[in-house]
Structures are given as C-alpha cells and as structure tokens.
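Tertiary structure, described
Take a look at the letters that make up each chain.
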Amino acid sequence: MDIKDVDLNLLKVFDALRKKQSVTLAGDLMGLSQPAMSFALAKLRTLFDDPLFIRTSRGMQPTARALQIAEPVQRILEMVSSEVLPSSGFVAEHSERQLVLCMSDIGEMVFLPRLMRMLDSKAPQLRIRTLALSAEQLEEGLDAGEVDAAIGYFPRLLNTSIRHRALYRHSFVCIVRRDHPTIGDSMSAEQYQSALHVAVQPDGRGMSGLDRELASRGITRRVRFSLPRFMGVPFLVAESDMIATVPLAVGRRFADITDVRLVPLPWDICGYDIHLYWHTRFHHDPANRWLRQSFIELLEDFSPADQIQV
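None of the values given here were measured: they were computed from a predicted structure.

So, about the environment of D285. With respect to the helices, strands and loops of the structure, D285 is situated in the loop between β12 (272-279) and α12 (286-298). The exposure class assigned to D285 is buried, which follows from its relative accessible area of 17%. For the pair D285 and Q68, spaced 217 residues apart in sequence, the C-alpha separation works out to 28 Å.

Following this line, the structure appears as structure tokens:
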C-alpha cells in the first residue's frame, strides 16, 4: 500500500462503519447515500485487501484487520480535526451556530437560565439544543460530533477519549409542602422513614448515589411514586403529605415555583460531583472551547451546598 492511494474520506467512512455497524446508518452519519457508502466500502476492502466488515445478524461486524486499525484510524482523524484543520472563524457575538448539549431536566432547570442570560449579552444569535441521553447514547453522540458537550452526573461514561472537568458538588435536601402537618423546620430519622416518598430514578444518574448512601445506613424509603424525571416531583409533594429528596439546587428552584419548602435531611449524606464532558477530538475547536469556558465562568460562583435557609 502506498500513502498516495489513501483517501482521508475513506478513513472517515471506515470510522463511521465502525461506530454504526450499518452501511445505512453510517451513510446517514456521513451524509452519503447507501450506494455511495457501498462503493466506498468496496474501495476500502481493495485498499486493505481485507473484507473489514462482515454482515451478520448483529450488523456489520469488524474483522480482525479492522479491529487492528480502528484505533490508529480514529487517532488520525482526531489529529486532523483538532490540529490540522481547526476552525478560526468562530466569533460568539456573531455566530448563528447551533450547539447541542446533553443534560437532564435538573440541568435545564438549574443551568439553562444562567446560560440564557449570558447568551443574551454575549452571543445573541447562538442557538442551543438540549438532549437527554443515556451514558451509552451520550458516548456515541460525543464520539460522532453530534453532541458538543454534556453537563451532569454520568458515572458510566468511561471512554478514555472523552474528557471531563468537575464543576461543583451537589448535596441533597428534602422538600415538603409548606403547611405539612407534622414536619417543621427539621425532620427526625423516624419521620423520614415513616413518610411516603416521591422518588426519582433516572436510569443510574444522580439519585443512585443517594440510594447507595441510604442503603449503607440501613435506611429504606417508603416510595409511593417513582418518576424518571424531576419536573413532576414538586407538584405531587405540594398537594400531599409526601416528601422527596432532591439535589439542593433543584429544591431551591422548586421552592421558588411551587408551594414547597426545604428541610435538611436527618443525616449528612454525601453528594456527587457534576462534571462537564467533551470529546478529545473537539478539545481545540474554538466553538467548543468557548462553550466550555462559558460554563466554567457561569458556575464558578455556584455553591448549591450553602446552608439551607428554612
């Protein structure tokens, strides 16, 4: 093989097939038709003198040769993207670009209002789209460049090509209705365990840390309502004697918009770190750097673990 025969676009096709394991899906990622992808795959097979991907019941599975070159090909593409062809034309003040962020409904409640105020003054034409993805979907989105950054708690995001930075530490608080008949400004362990709870169980994200902490103390909750998201929680609590345990920053937002108040937990429960995530391939991208720095500046004075005002 001679390097003059290697087309960089063929390497991009190879990488897309590795990620999607489907000619059709890889074509969607590349913006190419299925015949064009099939033609490119044929050229790849000739170039490497190997089938590279074999059609199976589980999709297009890589051969031993494909597995051997997968990591070097990805490194080459990342280097070209971040070091050889970096864009220098991004100016936040005039950009009309859409940036895609992954965050939970917690993030949308807590971070987006701050981001909106900053954009109004510094990047009024910039557009934001948010997605709620599992760790597996997020890893694929960051890897493919379909997600610019993520902010939240993703303990299962272990891909070494994905960078992260801790922004702050979440703590927990209870919310109860303002005129709760038995719970005042404080709550005993007995009250916590005897109360009916609204619990949020968003597929292994933030609240799993709380569940582990409670279990380590032998504490169980009498869960009456279990929800996948936080937005329904304060409305159930405000109209019942149920209680809920939520991140402090979220509890404060709930107290602003619904008829609930904050009560400290009977124990000191460890919180969890909120991180900012991005892919190594876009580490030097000007728009991505601007977005990351903006979040860091927005949250540098954010201290949700301050003393609760009851």
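Counting 65 residues, the largest nonpolar core has I151, I175, V233, F254, W290 and F295 as its most contacted members. Looking at this core element by element, the count peaks at 6 residues for α12. Look past the residues within four positions of I151 in its chain and what remains in contact with it is C102, M103, F111, L167, I274, H275, L276, F295 and L299.

What you see with strand β5 (residues 149-152) is no split at all: A149 and I151 on one side and A150 and G152 on the other are buried throughout. Here strand β3 (residues 98-102) pairs with β5 via 2 bridges, running parallel. Across the sheet, the residue bridging to C102 is A150, located in β5. For β5 and β12, the ladder comprises 3 bridges, and the chain directions are antiparallel. Within β12, the position partnered with G152 by the bridge is H275.

A separate point is the sheet that holds strand β9 (residues 222-227). Pairing in this open sheet of 5 strands is mixed, and the strands run β9-β8-β10-β7-β11 from one edge to the other. The open sheet terminates on both sides in strands that have one partner only, identified here as β9 and β11 (260-263). This sheet shows a mean twist of 35° between the axes of neighbouring strands, independent of strand direction. In the sheet, strand β7 (residues 172-177) pairs with strand β10 (residues 243-247) via 4 bridges, with the strands oriented antiparallel. Its bridge partner lying in β10, I175 is registered against A244. Of the strands in this sheet, β7, β10 and β11 touch helix α11 (residues 248-257), which is tilted by about 120° from β10.

If you check UniProt for "domain: HTH lysR-type" (unreviewed entry), the listed places come out as residues 6-63 in our numbering. As annotated, residues 6-63 has a helix share of 62% and a strand share of 14%, and its two end C-alpha atoms lie 20 Å apart.

Reading guide: rules and limits
Residues numbered from 1 in each chain as written. Predicted model: local features only at pLDDT ≥ 70, side-chain atom pairs only at ≥ 80, totals over all residues. Heavy atoms only, no water. Helix = DSSP H or I, 4+ residues; strand = E, 2+ residues; numbered from the N terminus. Buried < 20%, exposed > 50% of the residue type's maximum accessible area, 1.4 Å probe, protein only. Core = buried A, V, L, I, M, F, W, Y, C linked by side-chain atoms within 4.5 Å. Contact = heavy atoms within 4.5 Å. Pairing = 2+ DSSP bridges. Axes fitted to C-alpha atoms, helices over the stretch in contact; angles between N-to-C directions. UniProt positions renumbered as here; feature names shortened; annotations may be inferred.

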